[in-house]
Amino acid sequence: MASIPSKLYSDDVSLLMLLLDTNPFLWTGANTTTTSLPFPGFLTHVLSFLNSILLLNQLNQVVVIATGVNSCDYIYDSSSSLQKTADSSENGRMPILCSRLLSKLEEFVIEDERLSKDDSPEGIVSSLLSGSLSLALCYIQRVFRSGPLHPQPRILCLQGSPDGPEQYVAIMNAIFSAQRSMVPIDSCVIGAQHSAFLQQASYITGGVYLKPQLPDGLFQYLSTVFATDLLSRNFLRLPKPVGVDFRASCFCHKKTIDMGYICSVCLSIFCKHHKKCSTCGSVFGQALGDTSSTDRKRKTPET
Amino acid sequence: MSGIGIERRFEPRKTNNGDERRLAVDGEEEEEDDDGGNGKGLEAWERAYADERSWESLQEDESGLLRPIDSKTLHHAQYRRRLRSLYSSSTTSRIQKGLIRYLYIVIDLSRAAADMDFRPSRMVVVAKHAEVFIREFFDQNPLSHIGLVTIKDGVAQCLTDLGGSPEYHVKALMGKLECSGDSSLQNALDLVHGYLNQIPSYGHREVLILYSALSTCDPGDVMETIQKCKKSKIRCSVVGLSAEIYICKHLCEETGGSYTVALDESHFKELLLEHAPPPPAIAEFAVANLIKMGFPQRAAEGVVSICVCHKEAKVGGGYTCPRCKARVCELPTECGICGLTLVSSPHLARSYHHLFPITPFDEVPSSLLNNPQHRLPRFCFGCRQSLLHPGNKSSFRAACPKCNQHFCIDCDIYIHESLHNCPGCESLRHSKTPRFESHGTIFAALEVLNMQDLKRGVVSHMGCWALACTVFDSVLKFKILTD
Ligand SMILES: [Zn+2]
Ligand SMILES: [Zn+2]
Ligand SMILES: [Zn+2]
Ligand SMILES: [Zn+2]
Ligand SMILES: [Zn+2]
Ligand SMILES: [Zn+2]
């Protein structure tokens, strides 16, 4: 990164953090019917996409993080491999990307599988999206620290696994941190169902959420929607977010509600008035909120 | 380093823990230089040495040579100290935080605010950082409210009413920047007391006074007013810009707030931002209660309607109040027609990291670093930066006590101050399983709540096992405390 003359960085240089879902339960086993795309085919699309990103601008940078079931790890960084193979010829670069990425990916998948041996999960389990998101954000902070001139970072989640409910708080934390650093999170969902987490992530951070209808044409989706840099996005009509539901559901009956009661101590949500908070144990007085604005002085209109 | 030369001007500003403060100043010195210095209007030869205090960025080493202070290390050491003190105070009552705050910021715009010891003047510096503070406050406390009060010519004036929109406050503050006359603590407290007495009992009442003057000019007995505030459970804090004064100290001690005096601009900013995270809730200060809130849906695209907040016709966007069907532009807010508090579920989620903070990382001791038998990771787990600096002896690294991954200084700070996740723990499925089981069994033994129900409840709401797990932890702690 440091070796490149900084004045060459213009606003259309991108850093793409690709979070690759390597959940084996998604690609093998009983689930093959739901995704028509086998893993090798999927990888071909992804590699072509990564190559095209690097070809769009010579300063573009790509970092790939594998999102496994039991671990997450960096598997490819175009900036570090460029330095090592600086003497390689131009046309030698593409195979190097592929071979390096594929060998690291294989190592990762084997290691990830080894970690899961002792407990056998049933059915499709989620992958550790919260981990790879956190790693990507740490990496992006490092790029921000490298100086005033740096590529424009964005995160692309290629996710197929269902949402892991236990990751809710961690993923929301990551989303808010990305929002604060103005890093958009794009999502391309290749699994069977929509991902509520990624819908929120893309909506809150201003990224693009897409669930391709035909997984066979993945490369086309990737190159038309996710390849453009952040500056050029302003001039494109990219898929609009459709109906992100931000309504909450109550802790007591898991009903989706549009009005409810919130515990003032722990912010738990209930659909009707309780005497005691089942989450934190606080004992409540009478319900407020209806009265809060009437016993307070009426706001003067903002002009 | 604090003993040299021209100290007379600054002597009165130091409070009893002067040494610690001084450290803070040194740590920030470099940052100030980076943004071009704050004395922009003056040429270098016009600036007095006394104001620049350039000698403070130098340090004497073992051989008596003067060296620039390693500000980064100092800054980090200071950050770790703050983190540790924060964490130790929060572990005992983890879930008890004042998350719903009603804060009045009182800005002293008396004659003293025109002083130029802060460049270009105290008033401008206060306004600049108050803006940063307001934005940071709403980022960390999305369900809270701020109001602005100014003191000028011995009179306190309400600049903005309690509200949830940062833009509104910032605009009002920037439009009213002039100072004159005396300052009056009593008038300000009386005014704020009147307003804060009306807020709902579950809210935490707070006043933050940014005080420039060295005196207060009051119409009556200020001590009575202080007692009145104490009775109303209003937590008063003061950030001073000149010297420590007794009445402010007394006020903060009586009402449970904090009193700090800023040494310079960066120190002021730091002291101010310490008030952004929610303070630990003191049970008797706010009554636990259920608050009625609405979760409006986003209105369909292309529908034209008039919004309550701006009174303008808008196409698409906006949210519809579930009770009275009025249109509002932004969340969180209060419905302008029926007064219902309107939020969305991410606003609630934004506060969860206050309830479930991540543990501070341990510094890896240098004995371990130099031990050739221990093979330590070569890269920071978070950002892949190399942790080995052959030339640099300060190859600091921090390790997460749960997942044992190593992190660089910058990741350590970023993880604790912004991300609130440990990338190492999040990248390990195993770290979660045992934690969950242990809570489950302890919880079953307690038989306080129907665990299955609670689990289902939490899972249904956010679909969150981790939340349930941490909640068990909290419930457990809470039970032990109360029973
Ligand atoms: Zn319910
Ligand atoms: Zn509660
Ligand atoms: Zn409006
Ligand atoms: Zn309404
Ligand atoms: Zn790092
Ligand atoms: Zn950890």
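Because the structure is a prediction, the values reported are computed rather than measured.

## Focus on the UniProt feature "zinc finger region: C4-type" (unreviewed entry) in chain B
In this numbering, the UniProt entry assigns the feature "zinc finger region: C4-type" (unreviewed entry) to residues 321–338 of chain B. The distance from the first to the last C-alpha atom of residues 321–338 of chain B is 9 Å, and the span holds 0% helix and 22% strand.

## Looking at the pairing of strand β6 (residues 204–211) of chain B
Residues and elements named next belong to chain B. Within β6, eight of the eight residues are buried, which leaves the element mostly enclosed by the surrounding structure. Every second residue of β6 is oriented toward a common face, with His-204, Glu-206, Leu-208 and Leu-210 on one face and Arg-205, Val-207, Ile-209 and Tyr-211 on the other, all of them buried. When strand β3 (residues 101–108) meets β6, the two strands line up parallel, connected through seven bridges. Bridging across to β6, Tyr-104 finds its partner in Val-207. Pairing geometry for β6 and strand β7 (residues 234–240), over seven bridges, is parallel. Residue Tyr-211 lies in a different strand from β7, and its bridge partner there is Gly-240. In the classification by handedness, the crossover that spans β6, the intervening helix α7 (residues 222–231) and the parallel β7 is right-handed.

## Some words on helix α9 (residues 265–273) of chain B
Buried residues dominate α9(B), accounting for seven of its nine residues. If you check which residues of α9(B) are buried, you get B:Glu265, B:Ser266, B:His267, B:Phe268, B:Glu270, B:Leu271 and B:Leu272.

## Some details on the coordination of the zinc ion (ligand 6)
All names here are of chain B. Taken together, the protein ligands of the zinc ion (ligand 6) are Cys-400 (SG), Cys-403 (SG), Cys-422 (SG) and Cys-425 (SG), with distances of 2.2 to 2.3 Å. In this structure, the zinc ion (ligand 6) is surrounded by four donor atoms whose angles at the metal cover 104 to 114°, and the resulting shape is tetrahedral. Counting along the primary sequence, the residues that act as donors to the zinc ion (ligand 6) give the motif C-x2-C-x18-C-x2-C. With respect to burial, Cys-422 and Cys-425 carry one shared label: buried.

## A short note on the side chain of B:Thr255
Residues and elements named next belong to chain B. Mapping Thr-255 onto the fold places it in helix α8 (residues 246–255). Of the residues examined, Thr-255 reaches a relative accessible area of 3% and is grouped as buried. In terms of polar contacts, Thr-255 uses its side chain to reach the backbone amide nitrogen of Cys-236, at 3.1 Å. A polar contact of 2.9 Å, which involves the side chain of Thr-255, links it to the backbone oxygen of Leu-251.

The rules behind the values
- Residues numbered from 1 in each chain as written.
- Chains lettered and ligands numbered in written order.
- Predicted model: local features only at pLDDT ≥ 70, side-chain atom pairs only at ≥ 80, totals over all residues.
- Heavy atoms only, no water.
- UniProt positions renumbered as here; feature names shortened; annotations may be inferred.
- Helix = DSSP H or I, 4+ residues; strand = E, 2+ residues; numbered from the N terminus.
- Buried < 20%, exposed > 50% of the residue type's maximum accessible area, 1.4 Å probe, protein only.
- Pairing = 2+ DSSP bridges.
- Right-handed = clockwise from strand over helix to strand, strands pointing away.
- Donors = N, O, S within 2.8 Å, 3.2 Å for Na, K, Ca; no water.
- Tetrahedral: all angles 85-135°; square planar, octahedral: opposite > 155°, others 65-115°.
- Polar contact = N/O pair within 3.5 Å; in protein donor to acceptor, adjacent residues only side chain to side chain.

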